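Examining the three-dimensional arrangement
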Amino acid sequence: MASNNLTSEKLKEILGVSIKLAREAGKLILEGSDAILRSAAEAVEEKKNSVDLVTQYDKGVEELVKKELGQAYPGFSFIGEEETAALGKLPELTDGPTFCVDPIDGTTNFVHGFPFACISIGLIYQKRSVVGVIFNPFLDWLYYGAEAQGSYLVKSGGAPLKLPLTPARPLPSLSQALIGIEWGSDRGLAPMKARGNTFQRLAGDGQHIEGGKMAHSLRSTGSAALNFATVASGQLDIYWEIGCNAWDVCAGTIIAQEAGGIVNTSDLSIHGGEVTGDASDKVLIGRKYIVMRAIADSGSEKGADIQKRLVKELCETVEDFTPV
Ligand code: IPD
Ligand code: CA
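All of the points below concern the structure found in this document. (Residues numbered from 1 in each chain as written. Chains lettered and ligands numbered in written order. Predicted model: local features only at pLDDT ≥ 70, side-chain atom pairs only at ≥ 80, totals over all residues. Heavy atoms only, no water.)

**Focus on the packing of aromatic side chains**
Under the counting rule described, the total for this entry stands at eight aromatic pairs. Where Tyr-57 meets Phe-110, the ring centres are 6.3 Å apart and the plane angle is 65 degrees; that geometry is what we call edge-to-face. Placement of the pair is Tyr-57 in helix α2 (residues 56-72) and Phe-110 in helix α4 (residues 107-112), with a sequence separation of 53 residues. The buried category is assigned to Tyr-57, whose relative accessible area is 17%. Summarising the aromatic geometry, the rings of Tyr-73 and Phe-99 are spaced 5.9 Å apart at their centres and angled 50 degrees between planes, so their arrangement reads as tilted. A residue pair is termed long-range when its members are at least 10 positions apart, and Tyr-73 in the loop between α2 and β3 (77-80) and Phe-99 in strand β4 (residues 98-105) qualify at 26 residues. Since its relative accessible area comes to 5%, Tyr-73 is described here as buried. Three or more aromatic residues joined by ring pairs make a cluster, and in this case those are Tyr-73, Phe-76 and Phe-99. Geometry around Tyr-152 places Lys-162 over its ring, the cationic atom sitting 5.4 Å from the centre. (Phe/Tyr/Trp six-rings, centres within 6.5 Å; stacked < 30°, edge-to-face > 60°. Helix = DSSP H or I, 4+ residues; strand = E, 2+ residues; numbered from the N terminus. Buried < 20%, exposed > 50% of the residue type's maximum accessible area, 1.4 Å probe, protein only. Lys NZ or Arg CZ within 6 Å of the ring centre and 35° of its normal.)

Right, dumping it as structure tokens:
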């Protein structure tokens, strides 16, 4: 559709609209957090199980964002976490522009008052993430990016800081990495075993744990979107998770890519065993994600080749499972 032809000017405009909306939603998230922490436990509902949570604020923020984006861009499709959860399946991705939104990513943090929750607004176009806005209202940290326009962090209304926050640094091996991991919401035997084995291999030493990489350490922020943003910033080297969804990672994907990061599936069979760094639809909806920060060239290898080599090693280290 010609009217939906997204030029870089148009992407810039969409970015501006999304930032304004994310800040508006942020106010609701803060009010909601305060109200939840002062209220009885009934304010929190369970979705697929007792660790997959939703509140009236997740739903309220999603309704607000859907309504305002729908008014500003009536021809665009919309995927929101809460609406999709109610439908039970993700709509098929088309080539047309589609907003992909998590109204509150880090709902568990939100209900506990742990200050790492955000709204994540992404735009998919021709099956790739092209605009991303992630706003953590608790810290007043806003991350944003658009295709070919770089990505930035604005802390407490200050000047935009280009991502990554420092020039790309070397990453000689997984053993020097600070790696983001999450517990997710599938807590059955197969996913817990696979995660446990993976965490052991990433953190354990190779002498006592077969295949142990002895990474510097593992971290969980409790928000996939903020993990992506932190990798884009260069403050976390890698993040791996199986089980989160397109709305958790859509905005983070373009923000990380614009910061020189690579976004890939951890299921190499999708691309014939190769690490391509092509985060198109299969990866976006595939629920098996790896993101790695920008890496400096070494004397003998380009940073982009080091990323691919380390992503491949990581894929061979993590244990695959099918998310529920
Ligand atoms: C969750 C968070 C969490 C991740 C889960 C996601 P939600 O999203 O991003 O870090 O481990 O896989 O579902 O439920 O807080 O929107
Ligand atoms: Ca959510």
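Read on, since the account is not over.
**Description of the pattern of salt bridges**
Pairing is possible between side chains that carry opposite charge, provided their charged atoms lie close to one another. All chains considered together, the criterion is met by 16 salt bridges. Here Lys-48 makes a salt bridge to Asp-186, at a shortest N to O gap of 2.7 Å. Highlighted residues: Lys-48 in the loop between β1 (44-46) and β2 (53-55) and Asp-186 in the loop between β10 (178-180) and α5 (189-203), separated in sequence by 138 residues. A relative accessible area of 41% places Lys-48 in the partly exposed class. (Salt bridge = Lys/Arg side-chain N within 4 Å of Asp/Glu carboxyl O.)

**Section: the environment of Glu-274**
For Glu-274, the location among the structural elements is in the loop between β13 (262-265) and α8 (281-284). Separated by 35 residues in the primary sequence, Glu-274 and Arg-309 have C-alpha atoms spaced 10.0 Å apart. Among residues more than four places away in sequence, those in contact with Glu-274 are Leu-268 and Lys-312. (Contact = heavy atoms within 4.5 Å.)

**Description of the packing of helix α6 (residues 224-233) against helix α7 (residues 246-258)**
The angle between the axes and the distance between the axes are what describe a pair of packed helices. Interaxial distance between α6 and α7 falls to 8 Å at its minimum, and their mutual angle equals 5 degrees. By the angle between their directions, the pair α6 and α7 is classed as roughly parallel. Only Asp-248, Val-249, Gly-252, Thr-253, Ile-255 and Ala-256 of α7 make contact with α6, whose side of the interface consists of Ala-224, Ala-225, Phe-228 and Ala-232. In terms of residue class, the contact of α6 with α7 is made up of seven nonpolar, two polar and one charged. (Axes fitted to C-alpha atoms, helices over the stretch in contact; angles between N-to-C directions. Parallel < 35°, antiparallel > 145°, perpendicular 65-115°, else oblique. Nonpolar A, V, L, I, M, F, W, Y, C, P; charged D, E, K, R; others polar.)

**Side note on the environment of Gln-126**
Among the secondary structure elements, Gln-126 is positioned in the loop between β5 (118-125) and β6 (128-136). For Gln-126, a relative accessible area of 45% gives the class partly exposed.

**Here's the deal with the coordination of the calcium ion (ligand 2)**
Metal coordination angles have textbook ideals: 109.5 degrees for a tetrahedral set of four donors and 90 or 180 degrees for an octahedral set of six. Note on the calcium ion (ligand 2): its protein donors are Glu-81 (OE), Asp-102 (OD), Asp-102 (OD) and Ile-104 (O). The metal-donor distances range over 2.1 to 3.0 Å. Written as a sequence motif, the donor residues of the calcium ion (ligand 2) are E-x20-D-x1-I. Here Glu-81, found in helix α3 (residues 81-87), pairs with Asp-102, found in strand β4; they are 21 residues apart in sequence, far enough to count as distant. Note on Asp-102: relative accessible area 0%, which makes it buried. (Donors = N, O, S within 2.8 Å, 3.2 Å for Na, K, Ca; no water.)

**Side note on unusual backbone geometry**
Cis peptide bonds are those with omega within 30 degrees of zero, and the linkage from Leu-163 to Pro-164 qualifies with 0 degrees. With respect to the helices and strands, the residue Pro-164 is situated in the loop between β9 (161-162) and β10. Even without a glycine there, the phi angle at Met-214 is positive, about 50 degrees. By secondary structure assignment, the location of Met-214 is in the loop between α5 and β11 (217-219).

**Considering the nonpolar core**
Val-65, Phe-99, Ile-119, Ile-121 and Leu-123 are the most contacted members of the largest nonpolar core, which has 37 residues in total. Of all the secondary structure elements, the ones that give two or more residues to this core are α1 (8-38), α2, β4, α4, β5, β6 and β7 (141-146). Sort the elements by how many residues they give to this core and α1 lands first, with nine residues. Not counting the four nearest positions on each side in its chain, Val-65 is found in contact with Leu-21, Phe-78, Val-101, Ile-119 and Ile-121. By size, the runner-up hydrophobic cluster in this structure holds 26 residues, among which are Leu-171, Ile-179, Phe-199 and Ile-306. (Core = buried A, V, L, I, M, F, W, Y, C linked by side-chain atoms within 4.5 Å.)

**With respect to the site of ligand 1**
Not every one of the 14 residues close to ligand 1 is listed here, only the nearest: Asp-105, Gly-106, Thr-107, Ala-224 and Glu-241. Asp-105 places a side-chain nitrogen or oxygen 2.8 Å from an oxygen atom of ligand 1. One nitrogen or oxygen atom from the main chain of Gly-222 is found 3.1 Å from an oxygen atom belonging to ligand 1. Calculation on ligand 1 without its partners gives an accessible area of 370 Å², and the protein chains cover 89% of this total. In terms of residue count, the dominant contributor to the shell around ligand 1 is β4 (three residues). (Near = heavy atom within 4 Å. Polar contact = N/O pair within 3.5 Å; in protein donor to acceptor, adjacent residues only side chain to side chain. Areas by Shrake-Rupley, 256 points an atom, 1.4 Å probe, with all protein chains shown as cover.)

**What to know about the environment of Asp-140**
Relative to the helices and strands, Asp-140 resides in the loop between β6 and β7. With 164 residues separating them in the primary sequence, Asp-140 and Ala-304 have C-alpha atoms 32 Å apart. In this structure the side chain of Asp-140 is engaged in a polar contact, spanning 3.2 Å, whose partner is the side chain of Arg-23.

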